[in-house]
Amino acid sequence: MKRISYIIVTLILLAGCTRQEPVIDEIVMSKDNYKLDYKEQTLTLEFETNAEYRFEIGADWITLIEADSRSLESYAHSFAVAENTMQDERSTYIKIVAGEVEYTVTVTQ
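This report concerns the structure included in the present document.

1. Comments concerning the packing of aromatic side chains
And step 1. The final tally for this structure, using the stated rule, is six aromatic pairs.
And step 2. Relative to tyrosine 53, the ring of phenylalanine 47 has its centre 5.2 Å away and its plane inclined at 90°; by these criteria the two rings are edge-to-face.
And step 3. Overall, the relative accessible area of 24% leaves tyrosine 53 in the partly exposed class.
And step 4. Three or more aromatic residues link up through ring pairs in this structure, and these residues are Phe47, Tyr53, Phe55, Tyr75 and Phe79.
And step 5. A cation over a ring is seen here: arginine 90 above tryptophan 61, with NZ or CZ 4.0 Å from the ring centre.

2. Describing the sheet that holds strand β8 (residues 101-108)
And step 1. Spatial strand order, β2-β8-β7-β4: four strands in an open sheet with mixed pairing. Both edges of this open sheet fall to β2 (33-35) and β4 (53-57), since each of them pairs with a single strand only. Across the sheet, the mean angle from the axis of one strand to that of its neighbour is 20°, orientation sign disregarded.
And step 2. With five bridges joining them, β4 and strand β7 (residues 91-98) adopt antiparallel strand pairing. When the sheet's bridge partners are listed, arginine 54 is paired in β7 with valine 97.

Definitions and limits used
Residues numbered from 1 in each chain as written. Predicted model: local features only at pLDDT ≥ 70, side-chain atom pairs only at ≥ 80, totals over all residues. Heavy atoms only, no water. Phe/Tyr/Trp six-rings, centres within 6.5 Å; stacked < 30°, edge-to-face > 60°. Buried < 20%, exposed > 50% of the residue type's maximum accessible area, 1.4 Å probe, protein only. Lys NZ or Arg CZ within 6 Å of the ring centre and 35° of its normal. Pairing = 2+ DSSP bridges. Helix = DSSP H or I, 4+ residues; strand = E, 2+ residues; numbered from the N terminus. Axes fitted to C-alpha atoms, helices over the stretch in contact; angles between N-to-C directions.

Below is the structure:
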């Protein structure tokens, strides 16, 4: 009986000592480069992430206009892109920062 009690106590202690693997932050996107025409338009980025995120935008001709969370990990965000009135092509980035990872999308207009 003493041996059975020892085994039960050992199993309870082992069950309480399970280690959890650390969660690694990630961002999943299907596209990282957008080439747009010169007109004013809306650009929608769709991505998946398992962490809280934020955006960094490299130019003032792109602004965040709305957010649409489709599920707990899948997101769609729209950005207003102003008309390019210059004859030269312009380029910038939208960076998604989620936890410890970054994903940069290049936008050329």
